[in-house]
Amino acid sequence: MSLADKVLAVNNDLPIRTDKPVHSGKVRSVYWLTEADSRRLIEEKGYPVAADAPLAVMVISDRISAFDCIWKGEGNLRGVPGKGAALNAIANHWFRLFKEKGLADSHILDIPHPAVWIVQKARPVMIEAIARQYITGSMWRAYSKGEREFCGIQIPDGLDKDQKLPELLITPSTKGILKGIPSVPEADDVNITRKNIEENFAAFNFRSADDIARYEQLLKEGFDVISAELEKLDQVFVDTKFEFGYVTDAQGVDKLIYMDEVGTPDSSRIWDGEQYRNGKVVENSKEGFRQALLNHFPDPDILLNKDRMDEREALARDNELPESMLMDVSATYVGIAEKIIGEKLEIPDNPKAEIIQVLRDGYGLID
């Protein structure tokens, strides 16, 4: 079997029984189960949800996205070997730890395969909840140009690039294009303030104004849990993105939960601790791949300038990256996953065939 065959690049063509369109994002595809299959699995598996809760199968791919584009490599390499399994394993680890420490549940009900989650449908809060412990990336670029206010928060003068911030900052942005909210541009991923959220909490899908403080609490507690665990591994948790939503439990009570993924190399910056103490930043996250792309192409402004999106999409479409670039990403993702979970990562040899078999034999979801 070739290296390319081990990569799950296309994950929206599985024969999973569904009566709704398959939703395919940059990395994951979501198959909404029929009402009959949802009810059957809730009963058979004893999932702690209402009997009529909608369920979905979420399948992660090995695709690699950066700068809002999907990238490919030489030799028909359409993703990064082991990337999907690494992301799921890391997220599973943190979600389990959050639950053990009494923080909050996630949308995940079952893990049939390293690339698969069975999830309860959640009503997402329309906020990308970003927490920052160090000043780097886009925040540093703005700071270096003189900006001192981020998402309504005043930042002191005199900070250096990659320095630890005086306190953990919550710098939220919009999730999707939200319309009709005063002072919030109708665009995806624009920075917002806590005041924006307070004055328009229903537009951001919060059930009540009190839940704003609850989401901030869960964000800080989740960040602190991951940061403390990574510190034991001599890794620095720099910044991360959380997402939240509501689900209804078996008693009919709405509760705020963590959703999507947490603490992964795709959603976070993670630095090697020893190298950082020696004055060097070594990325154990997707940021390393982003930097490699900036160094690979002669005009990096194409990747950084949103006004050149057509050129950027052409770069991704028309160029095959060296295999070594994608294998470097694989080594980073698998390496940090094995550090976090404390064991060798299970990487499927033939993920598509394995997923079909387990969902057919163990869940009755494939005819």
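Remember, it's a predicted structure, so these values are computed and weren't measured experimentally.

**Student:** Explain the overall build of the protein to me, using residue names and the numbers behind them.
**Tutor:** A count of helices and strands for the protein gives 11 helices and 17 strands. Relative to the 2.2 N^0.38 estimate, which gives 21 Å for 367 residues, the radius of gyration of the protein is 21 Å and therefore close to what a compact globule would have. For the protein, the spread of C-alpha atoms along the three principal axes comes to 60 × 50 × 40 Å. The 367 residues of the protein split such that 52% are buried. Residue pairs in contact within the protein that sit at least 24 positions apart in sequence constitute 66% of those at least 6 positions apart. Roughly 16800 Å² of accessible area belongs to the protein as shown, and the carbon and sulfur atoms make up 46% of that amount.

**Student:** An account of the packing of helix α2 (residues 83-100) against helix α10 (residues 323-341) is requested, with residue identities and associated values reported.
**Tutor:** One way to put it is that α2 packs onto α10 with a least axis distance of 9 Å and a crossing angle of 25°. Between α2 and α10, the interaxial angle falls into the category roughly parallel. Our pair here, α2 against α10, has a crossing hand that is left-handed. Contacts from K83, A86, L87, A89, I90, H93 and W94 in α2 reach Y333, V334, I336, A337, I340 and I341 in α10. Taken together, the residues of the contact of α2 with α10 break down into 11 nonpolar, 1 polar and 1 charged.

**Student:** Let's hear about the environment of R312: which residues, and what values?
**Tutor:** Following the sequence through the fold, R312 ends up in helix α9 (residues 309-318). In contact with R312, not counting residues within four places along its chain, are F67, D68, C69, I302, L303, L304, N305 and K306. A polar side-chain atom of R312 sits 3.0 Å from the main-chain carbonyl oxygen of F67. A distance of 3.1 Å separates a polar side-chain atom of R312 from the backbone oxygen of I302.

**Student:** Tell me about the sheet that holds strand β6 (residues 108-113), and please be specific about residues and values.
**Tutor:** A sheet is described by the order of its strands in space; here 5 strands give the open sequence β1-β2-β3-β7-β6, paired in antiparallel fashion. Of all strands in the sheet, those bounded by a partner on one side alone are β1 (23-24) and β6. Pairing geometry for β1 and strand β2 (residues 28-32), over 2 bridges, is antiparallel. Bridging from a neighbouring strand, S24 pairs with S29 of β2.

**Student:** Now, about unusual backbone geometry: what can you tell me, with residues and values included?
**Tutor:** In this model, N76 sits at a positive phi of 60°, which is unusual for a non-glycine residue. With respect to the helices and strands, N76 occurs in the loop between β5 (69-73) and α2. If you check the backbone angles, D189 has positive phi at about 60° while not being a glycine. Relative to the elements of secondary structure, D189 occurs in the loop between β13 (173-174) and α4 (194-199). Taking relative accessible area as the criterion, D189 reaches 42% and is therefore assigned partly exposed.

**Student:** Would you mind going over the pairing of strand β3 (residues 55-60) in detail, with residue names and values included?
**Tutor:** Among the 6 residues that make up β3, 6 are buried, leaving the element largely enclosed by the rest of the structure. Of the two faces of β3, the one carrying L55, V57 and V59 and the one carrying A56, M58 and I60 are both buried. As defined by bridge partners, β2 adjoins β3 across 5 bridges and the pair is classed as antiparallel. If you follow Y31 over to β3, its bridge partner there is V57. Sheet topology note: the β3/strand β7 (residues 116-120) ladder contains 5 bridges and is antiparallel. Directly across from A56, in β7, lies its bridge partner V119.

**Student:** Explain the nonpolar core to me, and be specific about the residues and the numbers.
**Tutor:** Note that soluble globular proteins tend to have their nonpolar side chains buried in a common cluster. Within the largest apolar cluster, 99 residues are counted, with the highest numbers of intra-cluster contacts made by W71 and Y215. Ranked by the residues each element gives to this core, the list is headed by α2, at 10 residues. Excluding residues within four positions of it along the chain, Y215 makes contact with I127, A129, I170, P172, I197, F206, F244 and L256. Ranked by size, the runner-up nonpolar core spans 10 residues in total, among them W140, A142, Y143 and F150.

About the thresholds
- For every chain, the first residue of its written sequence is number 1, and the numbers climb from 1 along that sequence.
- Residues qualify for local features only when their pLDDT is at least 70, as the model is predicted, and side-chain atom pairs are given and counted only at 80 or more; totals for whole chains, interfaces and linings, by contrast, use all residues.
- Calculated side-chain values reflect all of the structure's heavy atoms, with hydrogen atoms and water omitted.
- Only runs of H or I of at least four residues qualify as helices and only runs of E of at least two qualify as strands under DSSP, and these elements are numbered from the N terminus.
- Here the globule rule reads 2.2 Å times residues to the power 0.38, and the radius of gyration is calculated from C-alpha atoms.
- Burial status follows relative accessibility: with a 1.4 Å probe on protein chains alone, a residue under 20% of its type maximum counts as buried, one over 50% as exposed, and anything between as partly exposed.
- In this analysis, two residues are considered to be in contact whenever any of their non-hydrogen atoms come within 4.5 Å of each other.
- Under the convention used here, a 1.4 Å probe and the Shrake-Rupley method define accessible areas, while residue burial counts only the protein chains that appear.
- With axes taken as lines fitted to C-alpha atoms, and helix axes fitted only over the stretch in contact, angles between N-to-C directions fall between 0 and 180 degrees.
- In what follows, roughly perpendicular refers to angles from 65 to 115 degrees, roughly parallel to angles under 35, roughly antiparallel to angles over 145, and oblique to any angle outside these ranges.
- A clockwise turn of the near helix away from the far one marks a right-handed crossing, whereas an anticlockwise turn of less than a right angle marks a left-handed crossing.
- Three classes are used, and their members are as follows: Ala, Val, Leu, Ile, Met, Phe, Trp, Tyr, Cys and Pro are nonpolar, Asp, Glu, Lys and Arg are charged, and the others, Gly among them, are polar.
- Two N or O atoms form a polar contact when they lie within 3.5 Å of each other; inside protein one atom must be a possible hydrogen donor and the other a possible acceptor, and for residues adjacent in sequence the pair counts only when both atoms belong to side chains.
- Only when DSSP finds a minimum of two bridges between them are two strands counted as paired.
- The term nonpolar core refers to a set of buried residues drawn from Ala, Val, Leu, Ile, Met, Phe, Trp, Tyr and Cys, joined through side-chain atoms within 4.5 Å.

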